[in-house]
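Structural description and commentary
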Amino acid sequence: DSGVTQTPKHLITATGQRVTLRCSPRSGDLSVYWYQQSLDQGLQFLIHYYNGEERAKGNILERFSAQQFPDLHSELNLSSLELGDSALYFCASSVFPVNKEPGELFFGEGSRLTVL
Amino acid sequence: TQLLEQSPQFLSIQEGENLTVYCNSSSVFSSLQWYRQEPGEGPVLLVTVVTGGEVKKLKRLTFQFGDARKDSSLHITAAQPGDTGLYLCAGVDWSNTGKLIFGQGTTLQVKP
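Keep in mind the model is a prediction, meaning the values are calculated, not measured.

Let us look at the nonpolar core. Ranked by internal contacts, the top residues of the largest apolar core, which has 22 residues, are B:Leu4, B:Leu19, B:Trp34, B:Phe63, B:Leu74, B:Ile76 and B:Leu108. Where this core is concerned, the elements lending two or more residues are strand 3 (19-24), strand 4 (32-37), strand 5 (44-49), strand 7 (61-65), strand 8 (71-76), strand 9 (85-93) and strand 11 (106-111) of chain B. When near neighbours in sequence (up to four residues on either side) are disregarded, B:Ile76 contacts B:Glu17, B:Asn18, B:Leu19, B:Arg60, B:Leu61, B:Asp83, B:Tyr87 and B:Leu108. Among the nonpolar cores identified, the runner-up in size contains 20 residues, and A:Tyr49, A:Phe64, A:Ala66 and A:Leu81 belong to it.

Structure representation (structure tokens):
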């Protein structure tokens, strides 16, 4: 158990819909990262928050947005869903921002999104 | 943007065999990490290498960081079925505000 909690574990929805994925980091971790994992794309970095502020952004689609709340939990919002958005979405947390390397990322078990 | 390329992508071997997985880049990384991911779970950190030429051992796993800090390798001796999983290398891409990027991964299957 990494200490990172992601909900829901599985989600099936239709194209055009909107979903919210939730992440609770390990106690004391200020950084939250979101990654998308699909078979043909590997583990793709989406976005990084540190103590409520956005620190780094990957190739995150405009239809996707995220935020980190004062209690440090984070939400990833995916809207106008397309078939290609089907993937595993991972949240990870760490104590420091990644620029205080080397830092270990602790990953949740992921949220599997299926868009039909 | 820095990239990490792993090879091979897939590896299926018999129990007891040795294997090596490679992680290469054209860019210099200040450190590289190796993670292992099992089905239905998130990646778990195995090791971080930070010094060029560094060798770290974790039981039957040996990790090496290239002298120029552009590549790393993972060698498994006498592989066991419990080693089955996806092996990922990762490093910080400082060309873009310091995001932790991952290689495509090497899927290892060890047959009993």
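The structure having been displayed, the exposition proceeds.
Attention now goes to the state of the cysteines. Under the counting rule described, the total for this entry stands at 2 disulfides over all chains. With a sulfur-sulfur separation of 1.8 Å, A:Cys23 is cross-linked through a disulfide to A:Cys91. Note on the A:Cys23 and A:Cys91 pair: the S-S dihedral is about -50°, so by sign convention the disulfide is left-handed. Within this pair, whereas A:Cys23 is found in strand 3 (residues 19-24), its partner A:Cys91 is found in strand 9 (residues 87-94), the two being separated by 68 residues in sequence. A:Cys91 carries the same exposure label as A:Cys23, and that label is buried. For B:Cys23, the disulfide goes to B:Cys89, at an S-S distance of 2.0 Å. Around the S-S axis, the bridge from B:Cys23 to B:Cys89 shows a dihedral of about 75° and counts as right-handed. Of this pair, B:Cys23 sits in strand 3 while B:Cys89 sits in strand 9; the two residues are 66 residues apart in sequence, bridging distant segments of the chain. Residue B:Cys89 is classed as buried on the basis of its relative accessible area of 0%.

What counts, and at which threshold
Here, residues in each chain are numbered from 1, in the same order as that chain's written sequence. Written order decides the labels, with chains lettered from A and ligands numbered from 1. The predicted origin of the model limits local features to residues at a pLDDT of at least 70 and limits the giving and counting of side-chain atom pairs to 80 or more, whereas totals for whole chains, interfaces and linings rest on all residues. Neither water nor hydrogens contribute to the side-chain values; these are computed over all heavy atoms in the structure. Nonpolar cores were defined as sets of buried Ala, Val, Leu, Ile, Met, Phe, Trp, Tyr and Cys residues, with membership established by side-chain atoms within 4.5 Å. Throughout this description, buried means an accessible area under 20% of the type-specific maximum (1.4 Å probe, protein chains only), exposed means over 50%, and partly exposed covers the range between. The helix count covers DSSP runs of H or I at least four residues long, the strand count covers runs of E at least two residues long, and both are numbered beginning at the N terminus. Contact between two residues is taken to exist if any of their heavy atoms lie within 4.5 Å; hydrogens are not considered. Only a pair of cysteine sulfur atoms within 2.5 Å counts as a disulfide in this structure description.

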